[in-house]
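# Fold and contact review
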Amino acid sequence: MPEQKAPAKITPSSASDYLEVMSKSVFQTGMSWRVVESKWPGTCDAFMGFEVKAVAAMGETQVEELVQDTRIIRNRRKIQAVIDNARRLVELEDEHGSIQNYLRSHGTFASTVKALKKDFKFLGDMGTYFFLHVVGEEVPSHEDWMASRAS
């Protein structure tokens, strides 16, 4: 079995960059990363390059179209979560001045994870870890994080 590499980090330049990474976390929930990767170009196109305000403005008509779009993972709850998360990102950017300011306002990794899971849809433990890692926020090493989750 090939070893999966850690995802590459990015330097987000806008809320749209955060939305794209977050949306990948949403779509990867319960799915093979290979399936998500194979559908990602179509997903980016279908969600208008994850332009946060355009996605936030999507309504029921667009959701219905996306549910029929074979280029993407056609899970209505995940599609709606991406739209709802875009709306929340816009609100938090307005409230905090930037998404980075919002992420760093919680103090600790655990507090940030708790806030993300409260503020956004379809983000579980792994999704929040992936999201924070990729957008360049401080996270524990994967080994330490996995060990802390072992019961």
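For the structure, check the block above.
Presented here is a report on the structure given in the accompanying data block. The structure displayed is predicted, hence computed values, not measured ones. (Residues numbered from 1 in each chain as written. Predicted model: local features only at pLDDT ≥ 70, side-chain atom pairs only at ≥ 80, totals over all residues. Heavy atoms only, no water.)

Next up on the list: helix 8 (residues 125–134). The buried fraction of helix 8 is high, at eight of ten residues. Among all positions in helix 8, only G127, T128, Y129, F130, F131, L132, H133 and V134 are buried. Those residues of helix 8 that are buried lie in contact with helix 1 (15–28), helix 6 (99–104), helix 7 (109–119) and helix 9 (142–149). One or two positions beyond helix 8, positive phi appears at G136, with a value near 85°. (Buried < 20%, exposed > 50% of the residue type's maximum accessible area, 1.4 Å probe, protein only. Helix = DSSP H or I, 4+ residues; strand = E, 2+ residues; numbered from the N terminus. Contact = heavy atoms within 4.5 Å.)

A few words now on the layout of surface pockets. Estimates place the volume of the second largest pocket at around 170 Å³. Every residue lining the second largest pocket is listed: L103, R104, G107, T108, F109, T112, L132, G136, E137 and E138. Broken down by secondary-structure element, the contributors of at least two residues to the lining of the second largest pocket are helix 6 and helix 7. Here the lining of the second largest pocket is built from residues that sort into three nonpolar, four polar and three charged. (1 Å grid on protein atoms, 1.4 Å probe; cavity = no way out; pocket = protein on both sides within 12 Å on 5 of 7 lines; lining within 4 Å. Points joined across faces, edges and corners; volume = space filled by probe spheres on them. Nonpolar A, V, L, I, M, F, W, Y, C, P; charged D, E, K, R; others polar.)

On to the pattern of salt bridges, then. Scanning all chains against the criterion turns up twelve salt bridges. Taking the shortest distance from any N to any O, the salt bridge between R71 and D69 comes out at 2.6 Å. Taking relative accessible area as the criterion, D69 reaches 14% and is therefore assigned buried. For D119, the salt bridge identified is with K118, shortest N-O distance 3.6 Å. A network of salt bridges, in which partner residues are shared, links R88, E91, K118 and D119. (Salt bridge = Lys/Arg side-chain N within 4 Å of Asp/Glu carboxyl O.)

Structurally, N85 is set in helix 5 (residues 76–96). For N85, the side chain forms a polar contact with the main-chain nitrogen of K121, separated by 2.8 Å. In contact with N85, not counting residues within four places along its chain, are L19, M22, V26, F120 and K121. (Polar contact = N/O pair within 3.5 Å; in protein donor to acceptor, adjacent residues only side chain to side chain.)

With respect to the helices and strands, the residue Q100 is situated in helix 6. When the C-alpha positions of Q100 and Y18 are compared, they lie 9.2 Å apart, and in sequence the two are 82 residues distant.

This part covers the nonpolar core. Counting 43 residues, the largest nonpolar core has F47, I79, L103 and F131 as the members making the most contacts within it. Contributions of two or more residues to this core are made by helix 1, helix 2 (33–46), helix 3 (52–56), helix 4 (60–67), helix 5, helix 6, helix 7 and helix 8. At eight residues, helix 5 tops the list of elements feeding residues into this core. Each residue touching I79, except ones within four places of it in the same chain, is listed here: F27, F47, V63, L66, V67, I72, I73 and R74. (Core = buried A, V, L, I, M, F, W, Y, C linked by side-chain atoms within 4.5 Å.)

Okay, the environment of T108 next. Locating T108 in the fold gives a position in the loop between helix 6 and helix 7. Spatially, the C-alpha atom of T108 lies 9.4 Å from that of V139, the residues being 31 residues apart in sequence. There is a polar contact of 2.9 Å between the side chain of T108 and the side chain of S111.

Glancing now at the packing of helix 4 against helix 5. At a minimum axis separation of 10 Å, helix 4 and helix 5 run at an interaxial angle of 135°. Judged by the angle between their axes, helix 4 and helix 5 are oblique. Handedness of the crossing formed by helix 4 with helix 5: right-handed. Contacts between helix 4 and helix 5 involve E60, V63, E64, L66 and V67 from the first element and R76, I79, Q80 and I83 from the second. Looking at the contact of helix 4 with helix 5 residue by residue, the classes come out as five nonpolar, one polar and three charged. (Axes fitted to C-alpha atoms, helices over the stretch in contact; angles between N-to-C directions. Parallel < 35°, antiparallel > 145°, perpendicular 65-115°, else oblique. Left-handed = near helix turned anticlockwise from the far one by under 90°.)

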